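One letter stands for each residue in the lines below.
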Amino acid sequence: MQDKNFHFSILKSTGIFGVSHVVKIVAKVIVNKFAALFLGTVGVGIIGLVENLLSVLYGFVNFGIPASSVREIALLTNESDTNSNNENRKIKIIQYWSIFSGILGGILFAVVSYFFFNDFYPEEASFFWFSTLALYFLFFSLFSAKMAILQGKRELKKMVVIQVWSAIFQMVSGLFCYYFFGINGIALAILFSAIFSYVILYFYTRGNNVSSIKISLEQVFFEGLPMVKLGLILSIGALINQIAYYIIRVFLKDFLSLEALGIFQVSQTILIGYLSLIFVVMSNSFYPQLCNLEGDKSTFEKYINQQTQFALFLVVPMVLGMYLFAPQIVTILYSTEFLDVLLILKIALFGLILKTIAWPIGFISLVKGNRKLFFKQNLVSDFINVISSVILTYYFGLIGLGIGFSMMFFLSLGYNFYTVSKNYQFQFSNETVYIILFSILSGLIALFSLFWFEMSYENPIILLTFLISVGFSFLKLKSKLKKA
């Protein structure tokens with residue numbers, strides 16, 4: 001495959017998923033603004049805790065089916081002589097396992113929900129509305145499994161349409177629930193978002209009917225076991241990640257306050273929700289495509305290198321732009337009540353550049369089927385995250401969270417690169433190394449400028465660095481696409 005094709009296909013995938021991500025961001029901005037106005041920092045903090053709890057519980061029961069099924073379907077779709085019956089049979093197995101995990105999740109939630117509610121919700125809140133979240137797991141499990149199937153088959157346009165409509169319905173339901181139900185509306189908004197998302201997905205995939213496939217529950221169990229074995233490693237990794245963030249959130253609530261928890265939630269929304277377009281693309285498009293290229297080492301490495309380059313072309317200007325306009329953005333998206341989030345963002349934004357370098361190579365062990373290595377990579381990252389965040393917050397307050405975020409990706413980047421270099425002889429190309437060094441230097445200049453200037457569009461050092469990075473990214477990307 002020629003060099004030009006990679007950059008063009010990456011740009012195309014970014015454009016396709018960029019549309020849905022922008023819609024999701026706009027919808028989330030509106031919902032978060034209403035949450036900030038009607039629920040305050042305490043309510044925003046509770047939203048983060050509830051979402052974290054649901055992720056932890058789902059991590060216990062999903063057996064990693066959504067993640068492992070992407071790989072299974074992608075490999076089947078890539079085989080030219082694949083019998084469609086084999087693919088449909090696999091889809092049927094995935095659906096049965098997702099129903100089971102959804103029911104199991106509801107049962108597990110029923111067990112722990114009362115204790116969680118008493119610990120974190122204010123006295124005036126109603127446990128009845130919170131308990132309805134037991135239904136969330138079934139709809140979310142079915143939605144996740146079906147989206148994984150679409151991702152594995154690379155039906156990207158259909159995925160985008162579903163995500164756009166889901167975001168719109170989630171926004172409407174969120175506004176309705178927060179306005180009319182207040183704190184109680186948090187659970188209702190999450191439940192409605194899962195139901196609406198599944199209904200939309202069902203509408204767009206109702207033609208993909210596998211009901212004619214006859215398979216016994218015993219066959220579902222034994223034929224699904226290989227997928228579950230891989231999935232469990234992925235599930236445990238995701239679960240540990242959610243537990244890590246849960247520990248950090250509980251620590252913040254106990255050591256600082258619920259208001260600090262709300263500030264942390266805003267920082268995660270900005271870093272992971274608003275500035276993470278490229279990571280969404282990598283999750284949806286880069287991973288299944290990498291599975292297809294796994295057998296060709298040269299092409300495999302070239303694709304990773306060019307994805308890393310392209311990601312940095314986007315992320316570095318966004319990070320520097322955030323350094324310039326963060327105070328205004330936070331005030332517009334939330335309120336002045338949330339401006340303490342700048343203490344976290346000061347250093348965490350630099351960590352986003354490190355994450356951009358670490359993210360693509362993190363997929364290598366997963367695509368190669370090395371479950372133990374993938375698990376170790378994620379475990380190291382989550383361990384560093386918890387330890388650094390707790391210790392640094394204890395000594396430095398909110399700014400310690402930003403230091404911890406950057407430290408996590410600095411150390412995990414070093415460890416991930418060492419492991420894939422040792423096990424798979426992966427190396428960054430000279431051009432990628434050059435772009436990485438430029439990106440890190442740009443981030444460091446912006447970071448160290450804060451010793452003399454504030455995070456502001458009046459910061460001359462960051463403004464100059466931003467303009468240079470935009471020009472650099474534009475010219476490099478233009479030269480890559482000219483070769484097409």
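Cut-off values and rules
- Residues numbered from 1 in each chain as written.
- Predicted model: local features only at pLDDT ≥ 70, side-chain atom pairs only at ≥ 80, totals over all residues.
- Heavy atoms only, no water.
- UniProt positions renumbered as here; feature names shortened; annotations may be inferred.
- Helix = DSSP H or I, 4+ residues; strand = E, 2+ residues; numbered from the N terminus.
- Polar contact = N/O pair within 3.5 Å; in protein donor to acceptor, adjacent residues only side chain to side chain.
- Contact = heavy atoms within 4.5 Å.
- Core = buried A, V, L, I, M, F, W, Y, C linked by side-chain atoms within 4.5 Å.
- Buried < 20%, exposed > 50% of the residue type's maximum accessible area, 1.4 Å probe, protein only.
- Phe/Tyr/Trp six-rings, centres within 6.5 Å; stacked < 30°, edge-to-face > 60°.
- Axes fitted to C-alpha atoms, helices over the stretch in contact; angles between N-to-C directions.
- Parallel < 35°, antiparallel > 145°, perpendicular 65-115°, else oblique.
- pLDDT = per-residue confidence, 0-100.
- Patch = residues over 30% accessible without salt bridge, like charges linked within 9 Å, V, L, I, M, F, W, Y side chains within 5 Å.
- Areas by Shrake-Rupley, 256 points an atom, 1.4 Å probe, with all protein chains shown as cover.
- Salt bridge = Lys/Arg side-chain N within 4 Å of Asp/Glu carboxyl O.
- Left-handed = near helix turned anticlockwise from the far one by under 90°.
- Nonpolar A, V, L, I, M, F, W, Y, C, P; charged D, E, K, R; others polar.

Looking at an unreviewed UniProt entry, one finds the protein named Oligosaccharide flippase family protein and attributed to Flavobacterium fragile. Quoted verbatim from the Subcellular location (unreviewed entry) heading of the UniProt record, the comment on the protein is "Cell membrane".

We now examine the side chain of Thr356. Along the polypeptide, Thr356 turns up in helix α12 (residues 341-362). Polar side-chain contacts of Thr356 include one of 2.8 Å to the backbone oxygen of Leu352. Excluding residues that lie within four positions of it along the chain, Thr356 makes contacts with Phe279, Ala311, Leu312 and Val315.

On to the nonpolar core, then. Core analysis: the biggest nonpolar cluster contains 118 residues, and Val50, Tyr121, Phe130, Leu133, Ile186, Tyr323 and Leu345 have the highest contact counts within it. Non-local contacts of Leu345, meaning those with residues more than four positions away in its chain, are made with Ser267, Ile270, Leu271, Met322, Tyr323 and Met455. Membership of the second largest hydrophobic core comes to 13 residues, among which are Ile73, Ile93, Val220 and Met227.

Moving on, we get to the packing of aromatic side chains. To describe a pair of aromatic rings, one takes the distance between the centres and the angle between the planes. Tallying each qualifying case throughout the model produces 42 aromatic pairs. Centre to centre, the rings of Tyr58 and Phe140 are 5.1 Å apart; their planes meet at 75°, and the pair counts as edge-to-face. Of this pair, Tyr58 sits in helix α1 (residues 3-61) while Phe140 sits in helix α5 (residues 136-152), placing them 82 residues apart in sequence. Taking the relative accessible area as the measure of exposure, Tyr58 reaches 8% and is therefore buried. On the accessibility criterion, Phe140 (25% relative accessible area) is partly exposed.

We now examine the packing of helix α11 (residues 297-333) against α12. Any two packed helices are characterised by how steeply their axes cross, that is the angle between the axes, and by the distance between the axes. Packing of α11 against α12 brings their axes to within 8 Å, and their N-to-C directions diverge by 170°. Taken together, the axes of α11 and α12 lie roughly antiparallel to each other.

Next up on the list: the confidence of the model for the protein. Mean pLDDT over the protein stands at 82; residues scoring 70 or higher make up 88%. Highest mean pLDDT in the protein belongs to helix α16 (residues 430-449) (93); lowest belongs to helix α10 (residues 277-293) (69).

Let's shift gears to the side chain of Asn416. Here Asn416 shows up in helix α15 (residues 399-424). Asn416 has contacts with Ala358, Ile361, Gly362 and Gln377, leaving out every residue within four places of it along the chain.

Here the focus is the environment of Glu87. Of note, Glu87 is situated in helix α3 (residues 84-120). Put simply, Glu87 and Ile149 are 62 residues apart on the chain and 10.0 Å apart in space, counted from C-alpha to C-alpha.

A word on unusual backbone geometry. Phi angles above zero are rare outside glycine, and Gln425 is one such case at about 55°. Tracing the chain through its elements places Gln425 in the loop between α15 and α16. A relative accessible area of 48% means that Gln425 is categorised as partly exposed.

Taken together, the side chains of Val161, Trp165, Ile168, Phe169, Val172, Phe196, Phe203 and Tyr204 present a nonpolar region at the surface, about 670 Å² in accessible area. Here the nonpolar patch takes five residues from helix α6 (residues 156-181), the largest share from any one element. You can see Phe203 is positioned in helix α7 (residues 185-205).

This part covers the packing of α12 against α15. The N-to-C vectors of α12 and α15 enclose an angle of 15°; their axes lie 7 Å apart at closest approach. With respect to their mutual orientation, α12 and α15 come out roughly parallel. The hand of the α12/α15 crossing is left-handed. The class makeup of the residues in the contact of α12 with α15 is 19 nonpolar, five polar and one charged.

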